[in-house]
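Observations on the model geometry
Letter by letter, the chains look like this.
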Number of protein chains: 2
Amino acid sequence: MRCSVFIATSLDGFIARADGAIDWLSTVQVEGEDYGYAAFFATVDTLVVGRKTYDTVLGFGEWPWKGKRVVVLTHQTPTPRADETFFAGEPAALVAELSAEGAQRAYIDGGVVIQQFLAAGLVDDLTLSIVPILLGDGARLFGNSGRDVPLQLVGSRAFPSGLVQIDYSLAK
Amino acid sequence: MRCSVFIATSLDGFIARADGAIDWLSTVQVEGEDYGYAAFFATVDTLVVGRKTYDTVLGFGEWPWKGKRVVVLTHQTPTPRADETFFAGEPAALVAELSAEGAQRAYIDGGVVIQQFLAAGLVDDLTLSIVPILLGDGARLFGNSGRDVPLQLVGSRAFPSGLVQIDYSLAK
C-alpha cells in the first residue's frame, strides 16, 4: 500500500495559523482550479486522518469522504458518523493491517499524522502546494524526524495564482 | 536600493543544521551548475551579511567578495580584512544610508539578517532554492515576522538534481 501526502503550506512551512485558521488559503482560491486535488483523491481508496482533521470534517454539513475507507487516528472511540473506524496504535501496524486487507493507496492527512508517518518512514510520496505567503507562526507541517529524509523530485508546476506545487517520492 | 535574498533551504525550511553544518547542500552539488548564483551575484553592488556569515567567510583562504561593498551587521568592530564596514543600527537606517550613497541592489545574507530585513518589510525579492531533503532540525530561514507577508510569484524552475528554485517579489 502506498501512503501519500497532498497538502498546502505557506512558504514558511505552516499548514494553519496558531488558532487553526486556514483563511490564508483563500489567496490562491481560483474558480475552476483545484490544483489536482480531485484527480489525486480519485486515486486513493483509503484515508488516514488525525483527530483534528476528523473533527473539522464532522463540522461540515455533508460527509466528504463517501466511497473511501476512513481511519481516524485517535485514542478515543466516538460514535461513527459514516463507516469510519478508529485506530490507536502505531502507524506501521495500521499500514500492515490495511495492506493485508487490500488497500492500494492511502491519503495521509493532518499535521500530526503526517509527522508520525514521516518519522516512521512510511510516506511514499508527497505533493506540496506552496502558497505565496509568510505567516510567521502556526502549525508546522514538518516536525523533527530525528534523521535526514532524502527526497526525490518527481515534478513541479507553477500556477497563475502564485501557488507552486512540487511532487516528491521518498526512498523507503 | 533593492534588497535581495538568494538562499538555499531544506524542504522543511532549514538553512543549516543545529551545529551550523551545511554538508547536506552537497546532495545538489553538480559540476558546472551554480543554480544562477554567479548571474545573481553580478547584479548586486552591495552585500549586507550577518556576523556568522562573515566569520565563516573569514575562514576561507580568499576574500570572496572582491569588488563589492560589504557591510557586516554586528555590534562589534573587528579589524577589517578587506574594505568591509560594520554596522550596529536598524536595517532601515542602513538601507537609507546605502541608498543615499548610490547603492542599487544589496544581497542580504545570513539567517538572522534576512529575518530582520523581512520583519522590517525591507526585502524586495527572494530567490529560494529548495533542496530535496528534510533535516528535521536546525537554523530556520524564516522567523516570526509578527504579520502576514504576501509574496508574488515571479518564476520557478526545477533542476535535474532535484533542486526547485522559486523567485518571489514582495509588496512594499
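Look up: the structure comes first, before these words.
Okay, so let's go over this structure. Here the structure is a predicted model, which means the values were calculated and not measured.

Concerning the interface of chain B and chain A
Taken together, the 27 residues of chain B in the interface contact 27 residues of chain A. At 7 residues, the largest contribution of residues to the side of chain B that touches chain A is made by strand β10 (residues 149-158) of chain B. For the side of chain B that touches chain A, the per-class residue count stands at 15 nonpolar, 8 polar and 4 charged. Pairing analysis gives 2 bridges linking strand β10 (residues 149-158) of chain A to strand β8 (residues 133-134) of chain B, with the strands arranged antiparallel. Its bridge partner being in β8(B), P150(A) is matched across the sheet by I133(B).

Topic: the nonpolar core
Grouped together as the largest cluster of nonpolar side chains are 96 residues, with contacts concentrated most on V48(A), A106(A), I108(A), V48(B), A106(B) and I108(B). Contact partners of A106(B), with chain neighbours within four places excluded, come to M1(B), C3(B), S4(B), V44(B), T46(B), L47(B), V48(B) and L98(B).

A closer look at the pairing of strand β11 (residues 164-170) of chain B
In regular strands, side chains alternate between the two faces of the sheet. All names here are of chain B. Of the pairings in the sheet, the one linking strand β7 (residues 125-131) to β11 comprises 6 bridges and is antiparallel in character. Among the inter-strand pairings, S129 is bridged to a residue of β11, identified as Q165. Of the strand pairs in this sheet, β10 and β11 are connected by 7 bridges, and their pairing is antiparallel. Looking at the pairing, S156 lines up with I166 of β11.

Comments concerning the relation of the copies chain B and chain A
Superposition of the two copies of the chain requires a rotation about an axis together with a shift along that axis. For the pair chain B and chain A, the best superposition has an RMSD of 0.0 Å and corresponds to a rotation of 180° with a translation of 0.0 Å parallel to the axis. Here the transformation between the copies is reduced to the relation of a two-fold axis. The position closest to the rotation axis in chain B is occupied by the C-alpha of G13(B), lying 3.5 Å away. When you check the interface residues of chain B against chain A, 100% turn up at the interface there too, and the contact is symmetric in its surfaces.

Regarding the environment of D167(B)
All names here are of chain B. For D167, the location among the structural elements is in strand β11. The exposure class assigned to D167 is partly exposed, which follows from the 17 C-beta atoms found within 10 Å. Spatially, the C-alpha atoms of D167 and F41 are 15 Å apart, while their sequence positions differ by 126 residues. Excluding anything up to four places from it in sequence, D167 contacts D125, T127, V154 and G155.

Focus on the sheet that holds strand β6 (residues 105-109) of chain A
Across the sheet, which stays open at both edges, the 9 strands sit in the order β5(A)-β4(A)-β3(A)-β6(A)-β1(A)-β7(A)-β11(A)-β10(A)-β8(B) with mixed pairing between neighbours. Of all the strands in the sheet, the pair left with one neighbour each is β5 (85-87) of chain A together with β8 of chain B. For strand β3 (residues 46-50) of chain A and β6(A), the ladder comprises 4 bridges, and the chain directions are parallel. Its bridge partner being in β6(A), V49(A) is matched across the sheet by D109(A). Here helix α3 (residues 91-100) of chain A sits on the sheet and contacts β1 (2-10), β3, β4 (69-73), β5 and β6 of chain A; the angle it forms with β3(A), its principal contact strand, is near 160°.

Some details on the pairing of strand β4 (residues 69-73) of chain B
All names here are of chain B. For β4, the tally of buried residues reaches 4 of 5 residues, placing the bulk of the element in the interior. Both strand β3 (residues 46-50) and β4 contribute to a ladder of 5 bridges, which runs parallel. Bridge pairing in β4 places T46 opposite R69. As a crossover connection, the stretch from β3 through helix α2 (residues 51-58) into β4 is right-handed.

Looking at the sheet that holds strand β6 (residues 105-109) of chain B
Sheet architecture is open: 9 strands sit in the order β8(A)-β10(B)-β11(B)-β7(B)-β1(B)-β6(B)-β3(B)-β4(B)-β5(B), paired in mixed fashion. Edge positions in the sheet fall to β8 (133-134) of chain A together with β5 (85-87) of chain B, since each has one partner strand and no second.

Criteria and cut-off values
- Residues numbered from 1 in each chain as written.
- Chains lettered and ligands numbered in written order.
- Predicted model: local features only at pLDDT ≥ 70, side-chain atom pairs only at ≥ 80, totals over all residues.
- Contact = placed C-beta atoms within 7 Å.
- Helix = DSSP H or I, 4+ residues; strand = E, 2+ residues; numbered from the N terminus.
- Nonpolar A, V, L, I, M, F, W, Y, C, P; charged D, E, K, R; others polar.
- Pairing = 2+ DSSP bridges.
- Core = buried A, V, L, I, M, F, W, Y, C linked by C-beta atoms within 7 Å.
- Buried ≥ 20, exposed ≤ 12 C-beta atoms within 10 Å, placed from the backbone.
- Least-squares fit on C-alpha atoms with pLDDT ≥ 70 in both.
- Axes fitted to C-alpha atoms, helices over the stretch in contact; angles between N-to-C directions.
- Right-handed = clockwise from strand over helix to strand, strands pointing away.

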